[in-house]
Amino acid sequence: MSAGEVAALIEQIYARYGYDFRGYARASVHRRIRRYMAQKQLHSLEALRRALFADSYSFEHFLQELTVNVTEMFRDPAFFLSLRTKVLPLLSTYPFIKIWDAGCSTGEELFSLAILLQEEGLLERTKIYATDINQKVLRQAKEGIFSVAHMAAYTAGYYAAGGRRAFSSYYRSYYGSVKFDAALVRNVVCYPHNLATDFSFNEFHLILCRNVLIYFDRGLQERVLKLFDESLVNLGYLALGKKETLALSQLSHRYDFVDKDNRIYRKTG
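Only a predicted model underlies this, so the values are computations on that prediction, with no experimental measurement involved.

We now examine the packing of aromatic side chains. Each aromatic ring pair is described using two quantities: the centre-to-centre distance and the angle formed by the ring planes. Scanning all chains against the criterion turns up 30 aromatic pairs. Ring-pair connections join several aromatic residues into one group, and the members of that group are Phe74, Phe79, Phe80, Phe111, Phe146, Tyr158, Tyr159, Phe167, Tyr170, Tyr171 and Phe180. The cationic tip of Arg22 hangs over the ring face of Tyr14; the distance from NZ or CZ to the ring centre is 4.1 Å. The ring of Phe79 carries the charged tip of Arg210 above its face, separated from the ring centre by 3.9 Å.

Below, the structure written as structure tokens:
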């Protein structure tokens, strides 16, 4: 499986299905393609190509592997504590708040954010736009159904992030799963958005895109950061993952750190 063969496949996927992986980090794409081929016992890239273009159902399965959906509630609790103490008090001065959760995956971050907003008295006047390239995970995101096996870890993260209630008060248990209160996402809009090809669609006071840019090459990272810059109000906040930075971006001079350790920036330019 040569780099040229993979590049050709990515071009064909874009032409056929409109998903653009041309700016994704090649090492990550190659690794995920190999893993998918091993799972499906496909022994050549040509066999993979035939499978993907035979029907859209096969492609949907491939998309689940190629897009990264590793997430958890209150991931990096220090980040959520910083959001609670350094960002939300200033957002509270706005009469109406708009937040973009870009690359929301299956919704763990979305519900974590909603719980913070609820506890700070801001949820009712906040509209959250939760987007992802993967429509399957978007359908899961607003349902708020997660495995009960994760609740001990999520509860610990919640309290480390400054949680003020019994975490179990936010959900009910059902046969090995839990379902979070639907009122938490009453003001959430979930819809597909491709960071590689789509454009700005609103002005936001806060944008979260954590642990997504690490899967993009430098060119696509810059494209996405420009998209976020165009989508933020002046003095709006941008939150990235701990391994992501604005330092190498042409836009870095337009932002100041709110929390360097937790990669929270404020737009000043």
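From this point, things continue past the structure.
Among the seven residues of strand β2 (residues 126–132), six are classified as buried, and the element is accordingly described as predominantly covered. As paired strands, strand β1 (residues 97–102) and β2 are joined by six bridges and run parallel to one another. Opposite Asp101, over in β2, you have Ala130 as the bridge partner. Taken together, β1, helix α6 (residues 108–119) and β2 form a β-α-β motif whose crossover is right-handed.

So, about unusual backbone geometry. Even without being a glycine, Ser105 presents a positive backbone phi close to 55°. Tracing the backbone shows Ser105 in the loop between β1 and α6. The backbone phi angle of Tyr175 is positive, close to 50°, even though this residue is not glycine. The topology assignment puts Tyr175 in the loop between β4 (171–174) and β5 (177–180).

All right, on to the packing of helix α5 (residues 77–91) against α6 then. Taken N-terminus to C-terminus, the directions of α5 and α6 make an angle of 45°; their axes are 11 Å apart at the nearest point. As the angle between them shows, α5 and α6 are arranged oblique. Considering how the two elements wind past one another, α5 and α6 form a crossing that is right-handed. Where α5 abuts α6, its residues Phe80, Leu83, Arg84 and Leu88 lie against Glu109, Ser112, Leu113, Leu116, Leu117 and Glu119.

Before going further, it helps to spend a moment on the sheet that holds strand β3 (residues 145–147). The antiparallel open sheet is built from three strands, whose spatial order is β3-β5-β4. Strand pairing shows two members of the sheet lacking a second neighbour, β3 and β4, which therefore form its edges. On average, adjacent strands in this sheet sit at an angle of 30° to one another, irrespective of strand direction. Sheet topology note: the β4/β5 ladder contains four bridges and is antiparallel. Within β5, the position partnered with Ser173 by the bridge is Val178.

Attention shifts here to the nonpolar core. Ranked by size, the top nonpolar core spans 45 residues in total, and within it Ile33, Leu48, Leu195, Phe228 and Leu238 carry the most contacts. Breaking this core down by element, the ones donating at least two residues are α1 (3–17), α2 (26–40), α3 (45–54), α4 (56–66), β1, β7 (204–209), α9 (218–231) and β8 (232–240). Counting residues in hydrophobic clusters, the runner-up holds 42 residues, among them Phe79, Phe80, Tyr158 and Tyr170.

Under the definition given, this model contains 14 salt bridges. Residue Arg49 is joined to Glu46 by a salt bridge in which the shortest nitrogen-to-oxygen separation is 2.6 Å. Of this pair, Arg49 and Glu46 both sit in helix α3, three residues apart, which is roughly one turn of that helix. Under the relative-accessibility criterion, Glu46 is labelled partly exposed at 38%.

Take empty space enclosed by the protein next. Where empty space is left becomes clear once a probe the size of a water molecule has been rolled over the atoms. One pass over the structure, following the stated rule, counts one cavity of 30 Å³ or more. In this structure, the largest cavity encloses a volume near 40 Å³. Lining the largest cavity we find Tyr24, Ala25, Ser28, Val29, Arg32, Leu66 and Tyr215. Here the lining of the largest cavity takes three residues from α2, the largest share from any one element. Within the lining of the largest cavity, the residues separate by chemical class into five nonpolar, one polar and one charged.

Let us look at the sheet that holds strand β6 (residues 188–192). If you trace the seven strands from one edge of the open sheet to the other, you get β6-β2-β1-β7-β8-β10-β9, paired in mixed fashion. With partners counted over all chains shown, the strands left at the sheet margins are β6 and β9 (255–259), one partner each. Direction aside, neighbouring strands of the sheet carry axes that sit 20° apart on average. Strands in contact with α9 are β1, β7, β8, β9 and β10 (264–267); relative to β8, the strand with the most contacts, it is inclined by about 140°.

So, how was this worked out
Residues numbered from 1 in each chain as written. Predicted model: local features only at pLDDT ≥ 70, side-chain atom pairs only at ≥ 80, totals over all residues. Heavy atoms only, no water. Phe/Tyr/Trp six-rings, centres within 6.5 Å; stacked < 30°, edge-to-face > 60°. Lys NZ or Arg CZ within 6 Å of the ring centre and 35° of its normal. Buried < 20%, exposed > 50% of the residue type's maximum accessible area, 1.4 Å probe, protein only. Helix = DSSP H or I, 4+ residues; strand = E, 2+ residues; numbered from the N terminus. Pairing = 2+ DSSP bridges. Right-handed = clockwise from strand over helix to strand, strands pointing away. Axes fitted to C-alpha atoms, helices over the stretch in contact; angles between N-to-C directions. Parallel < 35°, antiparallel > 145°, perpendicular 65-115°, else oblique. Left-handed = near helix turned anticlockwise from the far one by under 90°. Contact = heavy atoms within 4.5 Å. Core = buried A, V, L, I, M, F, W, Y, C linked by side-chain atoms within 4.5 Å. Salt bridge = Lys/Arg side-chain N within 4 Å of Asp/Glu carboxyl O. 1 Å grid on protein atoms, 1.4 Å probe; cavity = no way out; pocket = protein on both sides within 12 Å on 5 of 7 lines; lining within 4 Å. Points joined across faces, edges and corners; volume = space filled by probe spheres on them. Nonpolar A, V, L, I, M, F, W, Y, C, P; charged D, E, K, R; others polar.

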